Amino acid sequence: MAQMPLLSLIVFMPLIFAALMALMPGDRGVRPMALVASLLQFGVSLLLFKYYDAATPALQLVEQHSWIPEFGISYFIGVDGISFWLILLTTFLLPVVVLGSWNAIDKKVKAFHVALFALQTAMLGSFVAMDLVLFYVFFELSLVPMYFIVGIWGGARRVYATMKFFIYTMAGSVLMLLAIIYLMFAARDTEGLGYFTANVLELYKLKLPFTADGLMSPQALLFFAFSAAFAIKVPMFPVHTWLPDAHVEAPTPGSVVLAGVMLKMGTYGFVRFVIPMFPEAAEHFGWIFLFLGAVGIVYGALVAMVQPDIKKLVAYSSVSHMGYVMLGIFAMNTYGMTGALYQMLNHGISTGALFLLVGMIYERTHSREIEKYGGLAKVLPIYTIIFFIVTLSSIAVPMTNGFVGEFLILLGSFQASQLMGAIAVTGVIFGAVYMLWMFKRVFFGEKGELVSDEKHPLHDLSAREILVMAPLIVLVFWMGLVPNHFLSYSKSSIDHLMQNKDAYQLGVLTMEDATKRVAATIEMETVTAKATTTEAGVAR
Amino acid sequence: MNHALGISSYLIVAPMLALLAASLVPVMLKVFSGNREPHPFVTTTYGFIAVATALGLAITFLGGSKFGFHNALVSDGLSLWASVIVLVSGGFSIFMMHDHVETQTKLFSEKVFLLLGSLIGMLIVVLSNDLIVTFLGIETMSLCLYVLIAMSRETILSKEAAFKYFILGSFASAIFLYGIALIYGTAGTTQFPGLMEQVGPLLESRNHLFLIGIVFVVLGFAFKVSVFPFHFWTPDVYQGAPTPVTAFMATAVKAATFVAILRLFQSTGYQHSLPLKEVISWLAALTMLVGNAAAIMQANFKRMLAYSSVAHSGYLMVGVVAAGFGDSQGVASAAGIVVLFYLLAYSIMTLGSFAFVALLEKSVGQALQVDDVRGLARSHPVLAGCMAIVLFSLAGVPPLLGFFGKFGLFSLAIEQNFYWLAIWGVLNSVISVYYYLRPIVLMYMQGEDSSANAPLIEMNKHIMTRFTLFGSAVLIIIMGMFSSPILAALKAAILGRS
């Protein structure tokens, strides 16, 4: 049997659906088709559970083909514990977003879904790419659909926001491109490699010169070139200013994808490329990122507190939450890293859910100003309950997913630096303050002008909206109560990274290996099953 | 000395002969039918056949390191691929001329004749192995262009443009010729191979006359490809010339001249002159900055594209710097590969963008403003989509063709340790994003607020121009995703020569 290119299928399926949708004659029927397509690609991505082996840190389901050998570029993709959940998060959020935007997008429906699905391919591609140029291609390509999503379906200042988003992100990433090219030549000129390659596994083996005091050593410069690109994407304080603009202007589904997945491309880049490729520089300059991460947590929380606009509040809470992720990554220990990966997923779910909820109320009232609400709890009970659960997840109350992530990160950061840990802990308090204060102002107290408007009574969530939120709520508790269901898939990869970060190398397993392993397991099970039945027979 | 020419000499010039013969047909037809203009479609067909024949002959006979006319012409990978770029650009320009209001009908057969004549000049430039022959080629190419620009239906701007181009071009040619004289006086030869051997010793011994000669020749070239500070004519001429002619100038002229520049810089001897290296690096850096910064401020679509073409000359100069001042073995060949690939990419993108402009120009002398494309995505989704692809590619968004062009150039710069030029180049491409995305913003994100009963933008029904735009968008995607075969072919053609 020919090997099934499972990862390629997962990556390019959305693009194929996008092309199919583009060929449809009009806007009618696009939404149901998009929903079916998104569920289908989520279903296919679930096949990863069958073929992915959580026990090994190796790169799995690898596919490698030469693409542009003249430039040393190959089509090389694979999945390991670092990217495993991010892929699933991405595929999981798509049906949620499609269903959630059922009414939010009322013009150019077809074009919107084409952009959304193309974006999906770009994002998935950057999570699986193991060739630096291929990664860069996907990383940059993701800007284009998002640029259109914000620019066409966004709010009043959408053009400003989307241009800022595009130029900001591109400015960060072009220096990374040069760093990538430099690395490729370094690989060529190194003994033992000796050929022009952008293969990440080969580049891991490079020993780049690093002098502890020198900012000008190649490793330090490359480290900063990569970090700049990813820090802008995360976005880390103080280069976060594009994010509130983009979030506020983006349509609800755009915000969900932006916060849910696109920001993770930055933090993922740190874990996948920056730390293993530039271990000494990351160790030496890590304090900068620890510090900026901690500052970002507190800054994001403080700014969120004073926002009059719910969506802007959520956007700044993103800055704060991504600060935790940065803190966890640069704590440089297993707790921090595990927490950071977990927090990436949490943030995708809880912030995604918050944006969806804000979008739902906005569809009803066309306003996001906190002042105009108040007393919503009496009018919209189901909405209130769901919002409350998501709020709890966002402020990391135990038993919700947020708690596990933040706890692990704080544990890790106290090990790394007590001061930073202490600063970050205050962020936990501030986080509770701004979320709960907002919750109080919106849902309790006197009925606001929009809530008490007799002419436009508010309706509680429809069945569709409940269906959108249900999987997110389930995940909030699932991830909060049994984190091991999730952590066990990335444990071996994180352990491997943390133990060998100075000489990081990854093994490679192809689909063929995975198929064999699956077959072997099934055989084992049947043998055991037979043995049990025979035993049972004997006993009888 | 044996003055007889071998058959190979004639094979090398076969494309030019074919162009010459074919270019005469429409004009002759006109003369013999009592000065009655043949149907433009007939003329276009002749032009197309001429270009296609020349292309076929070029692919058949060029390449593989052959010399002709006592080493005055060389036929190698560089000249083969440059001829292909030049001829393809010429072919599409004829298509666009057929459609365009400022070039069609009146004196159309003369215009095709001039364009084909200009192509002959360009082929001479790319095949030339001798500075004097290069000069002759450049003059042939330019003289035809001066007239072509002036022969527009639009009366004021095109005449001004032609005159300006002519006067400044003559100055540049004179200086160029003066440079050749100085070079011949010091080096004793004007043929590239001999010259390249002399560069090292002459520059090492601080021969100032030779240095001045080289600088003058570079200046002459710089004018033709609008490198700062000799770019001032570009926006005026690009704006004044009929759009199809502008497209031709922006693509073919640039491709031909850059190949000549590369031939001048394929020696490692330039290392001995640090000032020259500094000057040319700075020219590259400033050209990028001036082009991009000025393009941001343009309201006229063609002027914006003109400044963008200045910026692209700056990127290409990075390749020239690497070729001339890089230190590794075979850097000139490597530079040839990436510069030609970039020229190919740039020509395709530029043809597409000017085809777009031509489609939107309604009447004679009416300038297309950037703001005019507002809301185009609603009325003409396919054309807007094609133009968006072209613009994204010009901005260097992967995985489109323009990205891989830049990737090649900047990797060459990094390989040769021109880090600051590479950094400067990518930062400039970020600046360029701003103006390349502006038409996209206008096409896609604005226009619907201005009420639904606003008149839809009218587009000309120019089939051939549409085909050019559509074809360039498709090529940008396909050649971007699958650039490997092209690069392999370029590599084989250029490295095969040594």
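By convention here, each chain's residues receive numbers from 1 onward along its written sequence. Chain letters and ligand numbers both follow the written order, the letters beginning at A and the numbers at 1. Per-residue local features of the predicted model are confined to residues with pLDDT of at least 70, and side-chain atom pairs are confined, for both listing and counting, to 80 or more; whole-chain, interface and lining totals are unaffected and use all residues. For side-chain calculations, the full set of non-hydrogen atoms in the structure is used, while hydrogens and water are omitted.

**A look at the overall build of chain B**
Item 1. In terms of regular secondary structure, chain B is built from 19 helices and two strands.
Item 2. Radius of gyration means the value over C-alpha atoms here, while the globule rule gives 2.2 Å times the residue count to the 0.38 power. Taking 498 residues into account, the globule formula puts the C-alpha radius of gyration at 23 Å, and chain B, at 22 Å, falls close to it.
Item 3. Each of the three principal axes of chain B carries a C-alpha extent, and together these read 75 × 60 × 40 Å.
Item 4. Out of the 498 residues in chain B, the part that is buried amounts to 64%.
Item 5. Of the roughly 16,800 Å² that chain B leaves accessible, carbon and sulfur atoms contribute 70%. Per the convention used, a helix needs a DSSP run of H or I reaching at least four residues, while a strand needs a run of E reaching at least two, with both numbered from the N terminus. Buried, partly exposed and exposed residues are distinguished by accessible area as a fraction of the type maximum, computed with a 1.4 Å probe on protein chains only: under 20%, between the cut-offs, and over 50%, respectively. For the area figures, the Shrake-Rupley method with a 1.4 Å probe applies, and any residue is considered shielded solely by the protein chains shown.

**Notes on the overall build of chain A**
Item 1. In terms of regular secondary structure, chain A is built from 21 helices and three strands.
Item 2. The globule rule puts the C-alpha radius of gyration for 540 residues at 24 Å, and the 23 Å found for chain A is close to it.
Item 3. Projected onto its principal axes, the C-alpha positions of chain A cover 75 × 75 × 55 Å.
Item 4. Per-residue burial for chain A yields a buried fraction of 64% across its 540 residues.
Item 5. In what follows, residue pairs with any heavy atoms lying within 4.5 Å of each other are defined as contacts. Excluding contacts between residues fewer than 6 apart, the proportion of contacts in chain A whose partners are at least 24 apart in sequence is 80%.
Item 6. When the accessible surface of chain A is summed, it comes to about 19,200 Å², and 67% of that surface belongs to carbon and sulfur atoms.

**A short note on the pattern of salt bridges**
Item 1. Any carboxyl oxygen of Asp or Glu within 4 Å of a side-chain nitrogen of Lys or Arg constitutes a salt bridge here. For the structure shown, the criterion picks out 19 salt bridges over all chains.
Item 2. With a closest N to O distance of 2.8 Å, Asp 495 of chain A and Lys 491 of chain A form a salt bridge. One end of the pair, Asp 495 of chain A, and the other, Lys 491 of chain A, are both in helix α20 (residues 484-499), four residues apart, so they sit about a helical turn from each other.
Item 3. Across the pair Asp 371 of chain B and Arg 374 of chain B runs a salt bridge whose closest N-O atoms are separated by 4.0 Å.
Item 4. Among the charged side chains, a salt-bridge network with shared partners connects Arg 157, Lys 164, Asp 245 and Glu 249 of chain A.

**Let's talk about the pairing of strand β2 (residues 73-79) of chain A**
All names here are of chain A.
Item 1. Of all seven residues making up β2, seven are buried, and the element is well covered by its neighbours.
Item 2. Residues Ile 73, Tyr 75, Ile 77 and Val 79 of β2 are buried on one face, and the alternating residues Ser 74, Phe 76 and Gly 78, pointing to the opposite face, are buried as well.
Item 3. Looking at chain direction, strand β1 (residues 59-68) and β2 are connected through six bridges and run antiparallel. Looking across to β2, one finds that Ile 68 is bridged to Ile 73.
Item 4. What makes two strands pair is DSSP finding at least two bridges between them. Connecting the antiparallel pair β1 and β2 is a turn made up of four residues, with Gly 72 showing a positive phi of about 70°.

**Digging into the environment of Ala 514 of chain A**
All names here are of chain A.
Item 1. Inspection of the secondary structure puts Ala 514 in helix α21 (residues 511-539).
Item 2. Note on Ala 514: relative accessible area 6%, which makes it buried.
Item 3. The spatial distance from the C-alpha of Ala 514 to the C-alpha of Leu 132 is 25 Å, given a sequence separation of 382 residues.
Item 4. Setting aside chain neighbours within four positions, we find Ala 514 in contact with Tyr 51 and Leu 61.

**Comments concerning the side chain of Asp 309 of chain A**
Residues and elements named next belong to chain A.
Item 1. On the secondary structure map, Asp 309 appears in the loop between α12 (279-305) and α13 (310-330).
Item 2. Pairs of N or O atoms within 3.5 Å make up the polar contacts considered here, provided that, within protein, one atom can donate a hydrogen while the other can accept it, and that residues adjacent in sequence are counted only when both atoms are side-chain atoms. Engagement of the side chain of Asp 309 in a polar contact is seen with the backbone nitrogen of Lys 311, the distance being 2.7 Å.
Item 3. Beyond its immediate stretch of four places on either side in the chain, Asp 309 contacts Arg 368 and Ile 370.

**Some remarks on the side chain of Asp 76 of chain B**
Item 1. Relative to the helices and strands, Asp 76 of chain B resides in the loop between β2 (73-75) and α3 (77-99).
Item 2. Only 3.2 Å separates the side chain of Asp 76 of chain B from the side chain of Arg 263 of chain B, close enough to count as a polar contact.

**Here's the deal with the layout of surface pockets**
Item 1. Reported here for the largest pocket is a volume of approximately 1,800 Å³.
Item 2. For the lining of the largest pocket, the elements supplying multiple residues, two or more each, are α1 (6-23), β1, α4 (109-128), α5 (132-141) and α6 (143-153) of chain A together with α14 (376-379), α15 (381-395) and α18 (463-481) of chain B.
Item 3. Looking at the lining of the largest pocket element by element, the count peaks at seven residues for α15 of chain B.
Item 4. Each residue receives one of three labels: charged for Asp, Glu, Lys and Arg, nonpolar for Ala, Val, Leu, Ile, Met, Phe, Trp, Tyr, Cys and Pro, and polar for the others, Gly being one of them. Within the lining of the largest pocket, the residues separate by chemical class into 38 nonpolar, four polar and four charged.
Item 5. There is about 460 Å³ of room inside the second largest pocket.
Item 6. Considering the residues around the second largest pocket, the lining is formed by 22 residues, among which Ala 104, Trp 153, Gly 154, Pro 251 and Tyr 362 of chain A are closest to the centre.
Item 7. Every element with two or more residues in the lining of the second largest pocket is listed here: α10 (242-249) and α14 (334-365) of chain A. Every definition here rests on a 1 Å grid over the protein atoms only: cavities are sets of points where a 1.4 Å probe fits but cannot get out, pockets are open sets enclosed by protein on both sides within 12 Å along at least five of seven lines, and lining residues have some atom within 4 Å of a point. Grid points are joined across faces, edges and corners, and a volume is the space filled by probe spheres set on the points.

**So, the interface of chain B and chain A**
Item 1. Facing 36 residues of chain B, the contacting portion of chain A comprises 35 residues.
Item 2. Accessible area that two parts lose when put together, with a 1.4 Å probe and added across both, is what the buried area reports. Summed over both sides, the interface between chain B and chain A buries roughly 3,300 Å², with carbon and sulfur atoms accounting for 81% of that surface.
Item 3. Its largest share of buried area at the contact with chain A, chain B owes to Phe 407, Val 430 and Met 445 of chain B, together 20% of the area lost on that side.
Item 4. Our count for the contact surface shared by chain B and chain A stands at one salt bridge.
Item 5. For Arg 188 of chain A, the salt bridge identified is with Glu 415 of chain B, shortest N-O distance 2.7 Å.
Item 6. When contributions to the side of chain B that touches chain A are tallied by element, the ones reaching two or more residues are α15, α16 (401-415), α17 (419-445) and α19 (484-495) of chain B.

**Observations regarding helix α8 (residues 208-224) of chain B**
Residue and element names in this part refer to chain B.
Item 1. What a helix is expected to span follows from its residue count: subtract one and scale by 1.5 Å. When the terminal C-alpha atoms of α8 are compared, their 25 Å separation across 17 residues agrees well with the 24 Å that a helix rising 1.5 Å per residue should span.
Item 2. With 12 of its 17 residues buried, α8 lies for the most part within the structure.
Item 3. Within the sequence span of α8, burial applies to Phe 210, Leu 211, Gly 213, Ile 214, Val 217, Val 218, Leu 219, Gly 220, Phe 221, Ala 222, Phe 223 and Lys 224.
Item 4. Next to the buried residues of α8 lie α5 (131-150), α6 (156-187), α7 (192-204), α9 (233-240), α10 (243-264) and α11 (274-296).
Item 5. A side-chain oxygen of the first residue of α8 lies 3.2 Å from the backbone nitrogen of Leu 209; this N-cap is Asn 207.
Item 6. Where α8 terminates, the next one or two residues include Ser 226, which has phi positive at roughly 50°.

**What to know about the sheet that holds strand β3 (residues 508-510) of chain A**
Residues and elements named next belong to chain A.
Item 1. With mixed pairing, three strands are arranged side by side in an open sheet as β2-β1-β3. Of all strands in the sheet, those with a lone pairing partner are β2 and β3, marking the two edges. Looking at each pair of strands side by side, their axes are set apart by 50° on average, direction ignored.
Item 2. Bridging between β1 and β3 involves two bridges; their strand directions are parallel. Opposite Val 62, over in β3, you have Thr 510 as the bridge partner. Only the stretch in contact is used when fitting a helix axis, every axis being a line fitted to C-alpha atoms; angles between N-to-C directions are given from 0 to 180 degrees.

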